[in-house]
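Report on the structure
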Amino acid sequence: MPHFIVDCAVEILECHAEEYIAEQIYLVAVASDLFDSGDIKVRVNPYSKYIVGGKRELFIHVFSSIMQGRTIEQRAQLSHSVVEKLVALFPHVPNIAMNISEFEKATYCNRGML
């Protein structure tokens, strides 16, 4: 916790490797000071088959799930920072976005809690 899932067109990997993209998202999350660095998880899912707005157009979308408790302003700043980093890395990609969902603490469970 938190999780950052990066869905993207496979072609963006011609510019930067998956590991580098994951590392850059991780560094933005660490810099936000919202999470313990050891808790941040980033995964990259490249897609070879996709349609964006009815055509094949490059995209990156980050889905983030975090534990409840951060303010709207903190979440908005996190989204802005991640998108800003991705735009800097991929200035030619026209569709870059992120959204954040919150986990409820009461319903969250992981192996360490058993």
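Relevant structure appears above.
Residues numbered from 1 in each chain as written. Predicted model: local features only at pLDDT ≥ 70, side-chain atom pairs only at ≥ 80, totals over all residues. Heavy atoms only, no water.

1. Remarks on the pattern of salt bridges
Pairing is possible between side chains of opposite charge, provided their charged atoms come close. Taken as a whole and assessed by the stated rule, the structure comprises 3 salt bridges. With a closest N to O distance of 3.3 Å, Glu102 and Arg75 form a salt bridge. Placement of the pair is Glu102 in strand E4 (residues 95-103) and Arg75 in helix H2 (residues 72-89), with a sequence separation of 27 residues. (Salt bridge = Lys/Arg side-chain N within 4 Å of Asp/Glu carboxyl O. Helix = DSSP H or I, 4+ residues; strand = E, 2+ residues; numbered from the N terminus.)

2. Observations regarding the packing of aromatic side chains
Applying the stated rule across the entire model yields 3 aromatic pairs. Here the aromatic rings of Phe4 and Phe35 are separated by 6.2 Å at their centres, their planes lie at 80°, and the arrangement is edge-to-face. Of the two residues, Phe4 sits in strand E1 (residues 3-9) while Phe35 sits in the loop between helix H1 (18-31) and strand E2 (41-47), which places them 31 residues apart along the sequence. The exposure class of Phe35 is buried, given its relative accessible area of 11%. Ring geometry for Phe103 and Tyr108: centres 5.3 Å apart, planes at 75°, overall edge-to-face. Phe103 gets classed as partly exposed once you look at its relative accessible area, which sits at 26%. (Phe/Tyr/Trp six-rings, centres within 6.5 Å; stacked < 30°, edge-to-face > 60°. Buried < 20%, exposed > 50% of the residue type's maximum accessible area, 1.4 Å probe, protein only.)

3. Details of the pairing of E2
Sheet faces and side chains relate simply in a regular strand, where the side chains alternate between the two faces. Both E1 and E2 contribute to a ladder of 7 bridges, which runs parallel. What sits directly across from Asp7, in E2, is Asn45. A crossover links E1 with its parallel partner E2, the connecting element being H1, and its sense is right-handed. (Pairing = 2+ DSSP bridges. Right-handed = clockwise from strand over helix to strand, strands pointing away.)

4. Some words on the sheet that holds strand E3 (residues 59-67)
In space, the 4 strands of this open sheet follow the order E2-E1-E3-E4, with mixed pairing throughout. Whereas interior strands pair on both sides, the edge strands pair on one side only; in this sheet they are E2 and E4. Taken pair by pair, the neighbouring strands of this sheet meet at an average axis angle of 15°, ignoring direction. This element, H1, spans E1 and E2 of the sheet and lies at about 140° to E2. Where H2 meets the sheet, it contacts E1, E3 and E4, and its direction lies at approximately 150° from that of E4. (Axes fitted to C-alpha atoms, helices over the stretch in contact; angles between N-to-C directions. Contact = heavy atoms within 4.5 Å.)

5. A few points about the pairing of E1
Counting buried residues along E1, 7 of its 7 residues qualify, which places the element largely inside the surrounding structure. Of the two faces of E1, the one holding His3, Ile5, Asp7 and Ala9 and the one holding Phe4, Val6 and Cys8 are both buried throughout. Bridge count for E1 against E3 is 6 bridges, and the pairing is antiparallel. Among the inter-strand pairings, Cys8 is bridged to a residue of E3, identified as Ile60.

6. Here we look at the environment of Asn95
Mapped onto the elements of the fold, Asn95 is located in strand E4. Note on Asn95: relative accessible area 25%, which makes it partly exposed. When the C-alpha positions of Asn95 and Val52 are compared, they lie 8.5 Å apart, and in sequence the two are 43 residues distant. Ignoring sequence-local partners within four residues, the contact set of Asn95 consists of Val52, Glu57, Leu58, Phe59 and Ile60. A distance of 2.8 Å separates the side chain of Asn95 from the side chain of Glu57, its partner in a polar contact. (Polar contact = N/O pair within 3.5 Å; in protein donor to acceptor, adjacent residues only side chain to side chain.)

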